[in-house]
Amino acid sequence: MIERGAKHRKGQSASALMQEAEQHRHDGKLKSAERCYRRILEHDASHVGALGAQARLLLETNRPREAIPLLLLLLDQAPNSVEGNLDMGLALEGISEGTAAIDYYHKVLVIDPNHAIAYNNIGNVFYRLGDSARALPWFAKAIELAPLYAQAHANLGVALLEHGFVDKAVMAYERAIELDPANAQFYRLLAEARPITRESQHFPALLALARDRRRLPTDQRIEVNFACANVYEHVGDFRRAYKHMVEGNKLKRRGIVYDEANMLAIMQHIESVFTPDLMQAGRGCGHDTPAPIFVIGMPRSGSTLIEQILAAHPDVASLGEDGALGGFIDEAGPTTPPFPDWIETMSVTAIPAIGASYLDHMTLKAPGAKRVINKMLGNFTLLGLLHLVFPNARFIHTRRDPLDNCLSCYARLFTESFEFTFDLQEIARFYRAYETLMAHWRRLLPSGVMIDIQYEEFVADSERQTRRLLAHCGLDWHEDCRNFWRSNRAIRTASVAQVRRPIYQNALKRAEHYVEARAILQEALALSP
């Protein structure tokens, strides 16, 4: 192992290679920078500077698994490295090991009890684990220690908005913009919480940022385009809104790994597996509890509105977009073949095992509730199995005009899942496959198990539709369901700001304003113009 100052090939020392790598990073030549770090590590595998820099580069390029071995080497030599522990936490978050990440952030706080970034990062972990209430004090502490920490203000705003504190969230976003006016994400968050009008002080600042967007890094270019699309739509300039929508989605799609062929094939295969004969063979094995309510459908179809109205009822609790069910299904079935193939040869214990695990989960998360909502929209692929597991459960399928639904997916920057939403053709193909599968479930499931709630009909006569919804779930009318927006329960959804106010009709016929997008979708969806 050579000394750190020793020469590498071409006569370069490690320090010279580090300087060259940093210049490459500044110029956006990340592959060249990575080659420099690798050359150093080939000769000195314990070079702390190169280990840390290479790990950060891997984190920046969304390769956390590759970063972890480098960070372990770094921390073996420098266990009290603040940056090393912070980066290890970020890497673990990147592979969905949030609880382990918190341990490394706590190590930072042992080294430096006033480290604001560590407090902020712990708040982020709790938020991503679905516990925004627990995240709030960590963000607040980060701001107390570092009042000029713009990202902590923005994160606090996100958590506040989830709990219904819209005004406080807006103030947090505006403070973040004041501290870092060049960060496009803050404008997007503000625009989604409260419209930015032409009279707003933030309007010219956002437009100035957009004019210079070619010089921004890709993630900021994505943010500024989605922010501008939102703002221009609210001021009625749909031509500019669509221009930014297209640019933002194209940039986002380039960084998304989405196997469309596999996704569509899975949906088609599920339909072929769940036949009337299979459903008949599986009857009688499930749990007879009527507690579960599954809200399913496309994103941006009005599902959060329905969830919020139901959850306002005193007998109902909501788990939100709870993904635990998928884990219970995986545990009950064999490793191979994968779902849904093992359903055809399922053991008599599989269905009761899924039900028992999920009932325990519901009891833990919502003790005492008579009905418990799960709003994981992708559960629409599981309806056949869920009916076997819980034959008395109720399914609520939220629907919206196909053109409006698909356009609304395209107009929203989803930060998690929904990989199909960044291309109009892909959205339309997914929508057609989803509609085909839903038609299959309608034919297969017994009458009365599932209802369709059409968004446009709900907006036109919300009280009648609410009574229909409650009756379907075996619930009596309650006045709180009429005033659902006053609830202070946490809501995690792309439309969180919209469901914090009474029902409105602004979202109807949205696609009519976007002629080009409408034409693309009509053709892809095989709809009449």
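The following refers to the structure shown. Please read all numbers here as calculations on a predicted model, not as lab measurements. (Residues numbered from 1 in each chain as written. Predicted model: local features only at pLDDT ≥ 70, side-chain atom pairs only at ≥ 80, totals over all residues. Heavy atoms only, no water.)

Before going further, it helps to examine the overall build of the chain. Scanning the chain for helices and strands turns up 25 helices and 5 strands. Against the 2.2 N^0.38 benchmark of 24 Å for 529 residues, the chain shows a C-alpha radius of gyration of 25 Å, consistent with a compact globule. Across its three principal axes, the chain shows a C-alpha extent of roughly 75 × 60 × 45 Å. In the chain, which comprises 529 residues, the share counted as buried stands at 53%. Contacts in the chain between residues at least 24 apart in sequence constitute 69% of all its contacts with a sequence separation of at least 6. Split by element, the accessible area of the chain, about 24400 Å² in all, is 51% carbon and sulfur. Between the mean site of the 60 positive side-chain charges and the mean site of the 63 negative ones, the chain shows a separation of 5 Å. (Helix = DSSP H or I, 4+ residues; strand = E, 2+ residues; numbered from the N terminus. Rg over C-alpha atoms; globule rule 2.2 N^0.38 Å. Buried < 20%, exposed > 50% of the residue type's maximum accessible area, 1.4 Å probe, protein only. Contact = heavy atoms within 4.5 Å. Areas by Shrake-Rupley, 256 points an atom, 1.4 Å probe, with all protein chains shown as cover. Lys, Arg positive; Asp, Glu negative; His and termini not counted. Charge placed at Lys NZ, Arg CZ, Asp CG, Glu CD.)

Let's shift gears to helix 10 (residues 166–179). Between its terminal C-alpha atoms helix 10 stretches 20 Å, which fits the 20 Å expected from 14 residues at 1.5 Å a residue. Regarding helix 10, the residues found buried are V166, A169, V170, A172, Y173, A176 and I177. For helix 10, the angular spread of the buried residues around the axis is 160 degrees, confining them to a single face. Among the exposed residues of helix 10, those oriented more than 90 degrees off its buried face are K168, M171 and E178. In this structure, the buried side of helix 10 is in contact with helix 9 (150–162), helix 11 (184–193) and helix 12 (202–211). (Expected span 1.5 Å × (residues − 1). Arc of directions from axis to C-beta.)

Attention now goes to empty space enclosed by the protein. The tally for this structure, following the rule as stated, stands at 1 cavity of 30 Å³ or more. Elements with a contribution of two residues or more to the lining of the largest cavity: helix 17 (303–311), strand 4 (394–399), strand 5 (450–454) and helix 23 (455–460). Its residues assigned to classes, the lining of the largest cavity comprises 5 nonpolar, 4 polar and 1 charged. (1 Å grid on protein atoms, 1.4 Å probe; cavity = no way out; pocket = protein on both sides within 12 Å on 5 of 7 lines; lining within 4 Å. Points joined across faces, edges and corners; volume = space filled by probe spheres on them. Nonpolar A, V, L, I, M, F, W, Y, C, P; charged D, E, K, R; others polar.)

Of note in the backbone geometry, S96 takes a positive phi value of approximately 65 degrees without being a glycine. Tracing the sequence through the fold places S96 in the loop between helix 5 (82–94) and helix 6 (98–111). According to the relative accessible area criterion, S96 is exposed, its value standing at 68%. At R300, a residue that is not glycine, the phi angle is positive and equals roughly 65 degrees. Tracing the backbone shows R300 in the loop between strand 1 (292–297) and helix 17.

Moving on to the sheet that holds strand 5. Taken in spatial order, the 5 strands make up an open sheet running 2-3-1-4-5, and their pairing is parallel. Here the strands that pair on one side only, and so sit at the sheet edges, are strand 2 (316–318) and strand 5. Strand after strand, the sheet turns through a mean of 25 degrees between neighbouring axes, direction not considered. With 3 bridges joining them, strand 2 and strand 3 (residues 371–374) adopt parallel strand pairing. Paired with V316 across the two strands is R371, which belongs to strand 3. (Pairing = 2+ DSSP bridges. Axes fitted to C-alpha atoms, helices over the stretch in contact; angles between N-to-C directions.)

Quick look at the pattern of salt bridges now. Under the criterion given, the structure shown has 26 salt bridges. As a salt-bridge pair, R443 and E271 come within 3.8 Å of each other at their nearest N and O atoms. A residue pair is termed long-range when its members are at least 10 positions apart, and R443 in helix 22 (residues 424–444) and E271 in helix 15 (residues 260–273) qualify at 172 residues. The class for R443 is exposed, based on a relative accessible area of 59%. (Salt bridge = Lys/Arg side-chain N within 4 Å of Asp/Glu carboxyl O.)

In this section: the nonpolar core. Counting residues in each nonpolar core, the largest one holds 155 residues, and the members touching the most others are F274 and W441. In terms of residues, this core owes the most to one element, helix 22, which gives 11 residues. Apart from the residues within four sequence positions on either side, W441 is in contact with I270, F274, F380, T381, L383 and G384. Core analysis: the next-biggest nonpolar cluster, separate from the first, contains 22 residues, V316, I396, V459 and C481 among them. (Core = buried A, V, L, I, M, F, W, Y, C linked by side-chain atoms within 4.5 Å.)

Our focus in this paragraph is the packing of aromatic side chains. Evaluation of the coordinates by the stated rule reveals 17 aromatic pairs. When the centroid spacing of 6.1 Å and the interplanar angle of 25 degrees are considered together, the rings of F294 and Y358 count as stacked. Here the residue F294 occupies a position in strand 1, and Y358 occupies one in helix 19 (residues 350–365), the gap between them amounting to 64 residues. Its relative accessible area of 0% is what places Y358 among the buried residues. An aromatic cluster is present here, built from F380, F414, F418, F420, F430, Y431 and Y434 joined pairwise through their rings. One residue, R400, lies across the ring of Y455, its end atom 5.4 Å from the ring centre. Its guanidinium or amino end placed over the ring of W477, R467 lies 4.1 Å from that ring's centre, counting from NZ or CZ. (Phe/Tyr/Trp six-rings, centres within 6.5 Å; stacked < 30°, edge-to-face > 60°. Lys NZ or Arg CZ within 6 Å of the ring centre and 35° of its normal.)

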